[in-house]
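# Fold and geometry: a report
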Amino acid sequence: MAKTAFNALLEEAKHVHGQHPDVANFCPFPTDLEWQGLPANYLPPARLLENDAALYSDTHAKFRDLFIAASPHATWRETYKGTSIGDDFMSRFGCYELIGEGGQFNSNQMRSFVVYAPSGLWYPWHHHPAEELYLVLAGEAEFLAEGKPAKTLRPGDTAYHASNQRHAMETHGKPVLAYVLWRGDLKTPPVLSDT
């Protein structure tokens with residue numbers, strides 16, 4: 001069942017890579033995919049995602065639905081566990097990897113994740129060596145990046161972050177679900193930035 005859900009999700013990711021110009025220009029779909037079958041790591045944000053009726057999408061509803069369907073089988077990440085970010089953030093912010101060393105499909109060419117934040121959540125300033133592209137699938141959020149004006153993104157919109165560019169995200173009255181891509185340094189994890 002888990003592999004079926006992730007295979008369907010992977011096929012939709014491949015479709016999006018071929019159809020969305022920003023995603024296609026950021027990185028090609030990987031050619032070295034290998035199924036890993038990692039065990040599920042079900043965390044509180046997964047339940048929030050699965051029950052969040054406010055994740056509206058008019059352009060990527062299928063991708064949204066497939067990420068939600070795979071959620072119970074996903075290896076949800078605890079990237080900031082043990083940092084100063086706090087329990088409220090850890091209990092509400094969710095992320096799991098689809099492609100990459102921590103995903104159900106390994107690749108050395110890129111990494112991809114789904115990121116979920118319910119309404120009213122601040123994702124603090126952070127950075128990482130990997131270049132990054134966010135594609136909003138559902139809902140909306142305000143994206144902030146050092147050296148750029150803040151902007152509110154909705155389904156189909158993208159935000160690019162250069163290597164080690166400090167960035168943050170905040171949801172207000174709506175939640176957000178985004179597909180996140182990494183290229184370049186795929187090994188170094190994100191760290192919280194000094195404000």
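Preceding this paragraph is the structure being described.
First, a word on what this report is: a plain description of the structure on this page. (Residues numbered from 1 in each chain as written. Predicted model: local features only at pLDDT ≥ 70, side-chain atom pairs only at ≥ 80, totals over all residues. Heavy atoms only, no water.)

### Let's talk about the packing of helix H1 (residues 2-19) against helix H4 (residues 61-70)
Two numbers describe how H1 lies on H4: the axes approach to 9 Å, and their chain directions differ by 155°. One finds that H1 runs roughly antiparallel with respect to H4. H1 and H4 meet at a crossing whose hand is left-handed. Where H1 approaches H4, its residues Ala-5, Phe-6, Ala-8, Leu-9, Glu-12, Ala-13 and Val-16 are matched on the opposing element by Lys-62, Phe-63, Leu-66, Phe-67 and Ala-70. Its residues assigned to classes, the contact of H1 with H4 shows 10 nonpolar, no polar and 2 charged. (Axes fitted to C-alpha atoms, helices over the stretch in contact; angles between N-to-C directions. Helix = DSSP H or I, 4+ residues; strand = E, 2+ residues; numbered from the N terminus. Parallel < 35°, antiparallel > 145°, perpendicular 65-115°, else oblique. Left-handed = near helix turned anticlockwise from the far one by under 90°. Contact = heavy atoms within 4.5 Å. Nonpolar A, V, L, I, M, F, W, Y, C, P; charged D, E, K, R; others polar.)

### Notes on H1
With 18 residues, H1 should cover 26 Å at 1.5 Å per step; its first-to-last C-alpha distance of 26 Å lies within 8% of that length. Looking at H1, one finds that the buried residues are Ala-5, Phe-6, Leu-9, Leu-10, Glu-12, Ala-13, Val-16 and His-17. The buried residues of H1 occupy an angular sector of 165° when the element is viewed end-on, so they sit on one face. Counted as exposed and oriented over 90 degrees from the buried face of H1: Thr-4, Glu-11, Gly-18 and Gln-19. (Expected span 1.5 Å × (residues − 1). Buried < 20%, exposed > 50% of the residue type's maximum accessible area, 1.4 Å probe, protein only. Arc of directions from axis to C-beta.)

### Description of the environment of Phe-67
With respect to the helices, strands and loops of the structure, Phe-67 is situated in helix H4. What makes Phe-67 buried here is its relative accessible area of 0%. A C-alpha to C-alpha distance of 9.2 Å links Phe-67 and Leu-98, two positions 31 residues apart in sequence. If we ignore the near neighbours within four places in the chain, the residues touching Phe-67 are Leu-9, Tyr-96, Leu-98, Val-114, Leu-137 and Tyr-179.

### Overview of the sheet that holds strand S7 (residues 141-145)
If you walk across this open sheet you meet the 5 strands as S8-S7-S10-S5-S12, and the pairing is antiparallel. The outermost strands of the open sheet, each flanked by one partner alone, are strand S8 (151-153) and strand S12 (191-192). Pairing analysis gives 4 bridges linking S7 to strand S10 (residues 167-170), with the strands arranged antiparallel. Bridged to Leu-144 within S10 is Ala-168. (Pairing = 2+ DSSP bridges.)

### Points about the nonpolar core
Leu-9, Phe-67, Tyr-96 and Tyr-179 are the most contacted members of the largest nonpolar core, which totals 35 residues. Going through the elements one at a time, H1, helix H2 (21-26), helix H3 (44-50), H4, strand S2 (94-99), strand S4 (111-117), strand S6 (131-139) and strand S11 (176-183) are the ones with two or more residues in this core. The greatest single-element share of this core, amounting to 6 residues, is contributed by H1. With residues up to four places along the chain from it excluded, the contact list for Tyr-96 reads Phe-6, Leu-9, Phe-67, Ala-70, Ser-71, Ala-74, Thr-75, Trp-76, Arg-77, Phe-113 and Val-114. By size, the runner-up hydrophobic cluster in this structure holds 23 residues, among which are Phe-113, Met-169, Trp-182 and Leu-186. (Core = buried A, V, L, I, M, F, W, Y, C linked by side-chain atoms within 4.5 Å.)

### What about the packing of aromatic side chains?
This model, assessed by the stated rule, comprises 16 aromatic pairs. Measuring from centroid to centroid gives 4.9 Å for Trp-76 and Tyr-96, while their planes differ by 70°, and the two rings are edge-to-face. On the criterion of sequence distance, the pair formed by Trp-76 in the loop between H4 and helix H5 (87-92) and Tyr-96 in strand S2 is long-range, its members being 20 residues apart. With respect to class, Trp-76 is no different from Tyr-96; both count as buried. (Phe/Tyr/Trp six-rings, centres within 6.5 Å; stacked < 30°, edge-to-face > 60°.)

### Observations regarding the state of the cysteines
A complete count under the given rule lists 0 disulfides for this structure. Sulfur of Cys-27: no disulfide; nearest cysteine sulfur belongs to Cys-95 and is 16 Å away. (Disulfide = S-S within 2.5 Å.)

### Looking at the side chain of Glu-97
Residue position: Glu-97 is located in strand S2. When its relative accessible area of 2% is taken as the criterion, Glu-97 is described as buried. Here Arg-77 takes part through its side chain, which lies 3.3 Å from a polar atom of the side chain of Glu-97. There is a polar contact of 2.7 Å between the side chain of Glu-97 and the side chain of Arg-111. Look past the residues within four positions of Glu-97 in its chain and what remains in contact with it is Arg-77, Gly-102, Gly-103, Gln-104, Arg-111, Ser-112 and Phe-113. (Polar contact = N/O pair within 3.5 Å; in protein donor to acceptor, adjacent residues only side chain to side chain.)

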